[in-house]
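# Secondary and tertiary structure notes
Letter by letter, the chains look like this.
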Amino acid sequence: MAGVSHAMSPASVFASTARRSARLFTAAARLAHRPPAGAACASRAAGIHPPVCRARAFAHPGSHASARGLHVSRVRAVADPAVPEPSEAETRAEADEAGARRAGVVHSVEGSLAILEGIGGDIKPGTLLDIGDAGATGVLLSHREPKSFALLYVGGDGETPGAPRLASDESITKPGDAVVVRTNARFHMPPESDVVNRRIGPLGEPLDGGSVPGEADGKFRDAASKTGSGSELFREPPSVEDRKPITTPLVTGVKPIDILTPVGRGQCMLLTGEVGTNLSELGLNAVVAQAKVSGQEGKQSGKNASVRCVYGAVGAAAFDSGANAFAQLKEQGAVDFTVVSCAPDASLAERYAATCAAFAVAEGARGEGKDVLLVLDDFTGLVGFSRDMARLSPQLEMAEDDSEDAPSAEQMVEYEGMIINALLAERRRFLGMTLQRVARLNDKLGGGSLTLLGVMYHEAGAYRGKRASEKNSGTVGEAADDDGDATVVVPALPAGFDDMPEATRKKIEAVIEERKRLAEAAKASRAEKDAALSAAPENDFTQPRPLVEEFMSITDGQVFVESFSREKGWGVSVKDSVSRVGSPGAAGPLTSLNVLQLRLDVMQADDMSVFGGDGAEKDGMRSRSSAIRGFLRQTPGSFTKLSQQTVGLYALQRTKEMSNVNAEEAAAFVAAAVAKAEAEIPEVMRDIDAHPSKKLSAEAQEKLAGLF
């Protein structure tokens, strides 16, 4: 059952185990009542013939009968009239025990999603199915007893010209069609070399108008063939033995991430924020940066090439099947990248398949020993498909009970030492089995890594209750009081206003009128922004706060983005952002300069601004916080190399010039220092970029000190 636990609820697991035990008990009982081997011969010698044998056909996994993997059958004879004929369930169970190939039936069809019955839970996702007589093929997506779910397509069999395409035509597949499992046949993506710098769909089909990936002699490769193919669409997550500790940083080129929440190669990170924080652009920025920050700009595949990148346009970015995302990456100089997308009107099952296809492309590159960055612009396919399975195959049905002692409609089960909702446990297992594909492999498996930056927008206002005077979360990247959206306070008339001189009253009234005008302008600006945000396509892909926090608990950390502007970039919450890998995933030069202290400084300054009294200490902390914000400010489309971040951090941590300065002054000082370093110590800068894991040597620190 370990192989299928990710796709079955605890209730399903219990029921399946009970059925298995019953089958084995029945088989043992039948064996105990079977007559001796010589009894049948003795009966024939006496002229007594046994009843006519009842034949049942099953296929054996090892004997191929056609190019599609059809199998020959065997005959099972029931010779003892005292033993009743086994039921269909018992017969199927015995076939399962023998590893035989089984058949099922189409229960219903929703677009390109086929809901199946009779497919055992031990059949692995990614297995190919022959469905009906019209040439449709299904790739098994998942199980939820008593049903299974498959994505329908036609082509992709090594015989039909062109690429496979999704099959949503009702004339191709209909309820009642027979389903036959193609034992040991798995769907494979196109080979790694054929998808570099391409835009493809969930089945590896081209979306960029180019040649068909994996095509040979004018025909698409056989998706079931391992030869000349890439990674399987669905793979089991690497085991603990297959993994390697995360010790190498992946530089994203975005200072707030690299310094406050460093990402290691093989780490799974969540990017979250409200609609309007441009998280998808942040992910694109990280992809483009891989060619910029490593000093390998313009170099293609090879040992010294930049990190291999895969961008999954499976949410709002799929409004044009990923064409805009692909164009941005190409125009900004990204190399060694692939965009995997789905149709704008794709179903949840198709979005889930596209998500898995992006993982498969990344795993194919990782299998060749490459370091891969996978950016997903949305998790709706993953989350929504798990809900769809619960809708299409309901399990938890409880009788109505209005008494005080009535059981909850949400059945509770034990999961990983916790008593939680059974549906939640099922979903958590389903999500975890996908996210756990992110890993750094050991040297025996090539030493490659797969790093994930996954975007999830939360609902507007889901976290606003946490703010204190617009400052409580230590937002860095832009100051919380100069983002243009702060509430304008209109003062009331002071006490004794009527007794004041006329000139004074006029001045006060003028100030109040000006504040009223500013307040109205701010209100209109916010209304205009809200109207623009309400029309943003990302609104269709937001998730409730509990689900966002569930992902936070599954991933290796999160980057919580609170604000965004074209002038000042992304405002990242220091308190709510965290990397659970910590310093092992941070860049060596940054850890040499006590980079972790910055988080504490920002949070202390934030607490002091809210709860502390006025004084020199508060002023000093406020100045320190402003300097950090100025240093970390970064506009979209810009990329900061590790060497440049190191110079800025050195100035912030080791020099007096960064004391008592505001954000603008700090940003200007760091920019001048970086320019000077690139002119005077270029060899140190190149060495830092080439060896991100290496800490600063004493000689390098001495040369950095000489800059100031």
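Going by the structure above, here's the rest.
Criteria and cut-off values
- Residues numbered from 1 in each chain as written.
- Predicted model: local features only at pLDDT ≥ 70, side-chain atom pairs only at ≥ 80, totals over all residues.
- Heavy atoms only, no water.
- Buried < 20%, exposed > 50% of the residue type's maximum accessible area, 1.4 Å probe, protein only.
- Helix = DSSP H or I, 4+ residues; strand = E, 2+ residues; numbered from the N terminus.
- Contact = heavy atoms within 4.5 Å.
- Core = buried A, V, L, I, M, F, W, Y, C linked by side-chain atoms within 4.5 Å.
- Phe/Tyr/Trp six-rings, centres within 6.5 Å; stacked < 30°, edge-to-face > 60°.
- Axes fitted to C-alpha atoms, helices over the stretch in contact; angles between N-to-C directions.
- Parallel < 35°, antiparallel > 145°, perpendicular 65-115°, else oblique.
- Left-handed = near helix turned anticlockwise from the far one by under 90°.
- 1 Å grid on protein atoms, 1.4 Å probe; cavity = no way out; pocket = protein on both sides within 12 Å on 5 of 7 lines; lining within 4 Å.
- Points joined across faces, edges and corners; volume = space filled by probe spheres on them.
- Nonpolar A, V, L, I, M, F, W, Y, C, P; charged D, E, K, R; others polar.
- Pairing = 2+ DSSP bridges.

Here helix H11 (residues 545-554) has its buried residues at Leu547, Val548, Glu550, Phe551 and Met552. Against strand S11 (268-273), helix H8 (380-392), helix H9 (422-435), strand S17 (449-458), strand S19 (542-543) and strand S20 (557-565) lie the buried residues of H11.

To continue, consider the nonpolar core. Judged by nonpolar contacts, the single largest core of 56 residues is most densely connected at Phe187, Leu374, Phe379, Phe385, Leu452 and Phe551. Considering each element in turn, this core owes the most residues, 11 residues, to helix H7 (residues 348-366). For Phe187, the contacting residues outside a window of four places in its chain are Gly126, Leu128, Val139, Tyr153, Leu203, Ala223, Ser231, Glu232 and Leu233. Listed in part, the 37 residues of the second largest apolar core include Val595, Leu632, Leu652 and Met685.

If you walk through the whole model with that rule in mind, you get 12 aromatic pairs. Centre to centre, the rings of Phe149 and Phe385 are 6.1 Å apart; their planes meet at 80°, and the pair counts as edge-to-face. Pair noted here: Phe149 is in strand S7 (residues 147-154) and Phe385 is in helix H8, with a separation of 236 residues, a long-range link. When the centroid spacing of 4.8 Å and the interplanar angle of 40° are considered together, the rings of Phe379 and Phe551 count as tilted. Of this pair, Phe379 sits in the loop between strand S14 (371-376) and H8 while Phe551 sits in helix H11, and the two are 172 residues apart along the sequence. Residue classification places Phe379 among the buried residues on the basis of a relative accessible area of 3%. Aromatic rings pair up to connect Phe149, Phe234, Tyr352, Phe385 and Phe430 into one cluster.

Attention now goes to the packing of H9 against H11. Put simply, H9 and H11 touch, their axes get as near as 11 Å, and they point 50° apart. Between H9 and H11, the interaxial angle falls into the category oblique. You can see that H9 and H11 cross each other, and the crossing is right-handed. Residues Leu424, Arg427, Arg428, Leu431, Gly432 and Leu435 of H9 form the contact with H11, whose own contacting residues are Leu547, Glu550, Phe551, Ser553 and Ile554.

This next bit is on empty space enclosed by the protein. Here the structure, examined in full by the defined rule, presents two cavities of 30 Å³ or more. Quantified by volume, the largest cavity comes out at close to 60 Å³. In terms of lining, the largest cavity is formed by Pro249, Leu250, Val251, Asp258, Pro262, Val263, Gly585, Ala586, Ala587, Leu590 and Leu642. For the lining of the largest cavity, the class distribution of residues is nine nonpolar, one polar and one charged. Each pocket or cavity is described by its volume, and for the second largest cavity that value is around 30 Å³. Contributing to the lining of the second largest cavity are Met189, Pro190, Pro191, Glu192, Val195, Gly230, Ser231, Ala360, Val361, Gly364 and Ala365. The residue makeup of the lining of the second largest cavity, split by class, is seven nonpolar, three polar and one charged.

A few words on the pairing of strand S4 (residues 113-117). In terms of burial, S4 is a largely internal element, four of the five residues being buried. Here strand S3 (residues 103-110) pairs with S4 via five bridges, running antiparallel. Note on S4: the bridge partner recorded for Glu110 is Leu113. Counting the residues that bridge the hairpin from S3 to S4 gives two residues, and of these Gly111 lies at a positive phi of roughly 65°. As defined by bridge partners, S4 adjoins S7 across five bridges and the pair is classed as antiparallel. From the neighbouring strand, Leu116 faces S7, where its bridge partner is Ser148.

Of all six residues in S11, six are buried, a share of seventy percent or more. Side chains Cys268, Leu270 and Thr272 project from S11 onto one buried face, and the interleaved Met269, Leu271 and Gly273 project onto a second face that is buried too. Direction of pairing for S11 relative to S17: parallel, over a ladder of six bridges. Bridge pairing in S17 links Leu271 to Val455. For S11 and S20, the ladder comprises four bridges, and the chain directions are parallel. Opposite Leu271, over in S20, you have Val559 as the bridge partner.

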